[in-house]
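Structural description and commentary
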Amino acid sequence: MTYALALMGAGFGIGLIVLLNIAMGWTRLRLDTEDKARRFLKRDVMGFEAGDEQALTTDRCGFICLEAGGERLGLVLARGDNAVVRALRAGDVRRVDRQGATLTIALYDYTFPRVVLELGRDGQSQAWAERVETFVRAPKRALKEEARHAESA
């Protein structure tokens, strides 16, 4: 009987916390415009300048873009009231899969191993799959140069 009362009390307490959060303005972040997503990239990734190739997901919770020079791939994903931001270099992507308008990117990032983007059109997801594929097959020379620069720093 004591366990049942403790369980009911815990459930009531958690429910009360959720209701208080909603009453105080608990909101979910939406990336309404590409400009809003670019601001997250600019805030979190030093020196990242988004290029012309960019896309918002249909649910306005994801954004993908190429850097102006094409060296990095920018990802912004709305999570709660903030965003997860990644700037990926060649070799950071494990694989990319496309199923219709859905693009799935597997990363070598144990804190964020998989990204699913619903891009809305098959042609758009196909084009992005091809762009992201270049980050899967990293040129060995580029990786060796990064290692050499890291040693000299």
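Residues numbered from 1 in each chain as written. Predicted model: local features only at pLDDT ≥ 70, side-chain atom pairs only at ≥ 80, totals over all residues. Heavy atoms only, no water.

On to the overall build of the protein chain, then. Scanning the protein chain from N- to C-terminus turns up 4 helices and 7 strands. Listed N to C, the secondary structure of the protein chain is α-α-β-β-β-β-β-β-β-α-α in terms of helices and strands. Per-residue burial for the protein chain yields a buried fraction of 33% across its 153 residues. Summarising the internal contacts of the protein chain: among those between residues at least 6 apart in sequence, 48% fall at separations of at least 24. Per element, the accessible surface of the protein chain, about 10,000 Å² overall, is 55% carbon and sulfur. (Helix = DSSP H or I, 4+ residues; strand = E, 2+ residues; numbered from the N terminus. Buried < 20%, exposed > 50% of the residue type's maximum accessible area, 1.4 Å probe, protein only. Contact = heavy atoms within 4.5 Å. Areas by Shrake-Rupley, 256 points an atom, 1.4 Å probe, with all protein chains shown as cover.)

Its 15 residues place the ends of helix α3 (residues 122-136) 21 Å apart at the C-alpha level, agreeing with the 21 Å of an ideal helix rising 1.5 Å per residue. Buried residues along α3 sit against β1 (50-56), β2 (62-67), β3 (73-79), β4 (82-88), β5 (93-99) and β6 (102-107). (Expected span 1.5 Å × (residues − 1).)

Checked against the element boundaries, Q124 lands in helix α3. Among residues more than four places away in sequence, those in contact with Q124 are A55 and L119.

The next point concerns the environment of L56. With respect to the secondary-structure elements, L56 resides in strand β1. Spatially, the C-alpha atoms of L56 and T33 are 7.8 Å apart, while their sequence positions differ by 23 residues. For L56, the contacting residues outside a window of four places in its chain are L31, D32, T33, E34, G62, F63 and L119.

Before going further, it helps to spend a moment on the sheet that holds β2. The strand order β1-β2-β3-β4 describes an open sheet built from 4 strands, whose pairing is antiparallel. One side of each edge strand has no neighbouring strand; the edge strands of this open sheet are β1 and β4. For this sheet, the mean inter-axis angle between neighbouring strands, taken without regard to orientation, is 20°. When β3 meets β4, the two strands line up antiparallel, connected through 7 bridges. Looking at the pairing, G74 lines up with A87 of β4. Relative to the sheet, helix α2 (residues 34-44) contacts β1, β2, β3 and β4, its axis offset from that of β4 by approximately 70°. Against the sheet, α3 engages β1, β2, β3 and β4, with an angle of about 55° to β2. (Pairing = 2+ DSSP bridges. Axes fitted to C-alpha atoms, helices over the stretch in contact; angles between N-to-C directions.)

Burial of β2 is extensive: 6 of the 6 residues sit out of reach of the surface. Where β1 and β2 come together, 4 bridges link them in antiparallel fashion. Each bridged residue has a counterpart across the sheet, and for Q54 the counterpart in β2 is C65. Counting the residues that bridge the hairpin from β1 to β2 gives 5 residues, and of these R60 lies at a positive phi of roughly 60°. Sheet topology note: the β2/β3 ladder contains 5 bridges and is antiparallel. The residue bridging I64 from the neighbouring strand is L75, located in β3. From the end of β2 to the start of β3, which pair antiparallel, there are 5 residues, and G70 there has a positive phi angle of about 85°.

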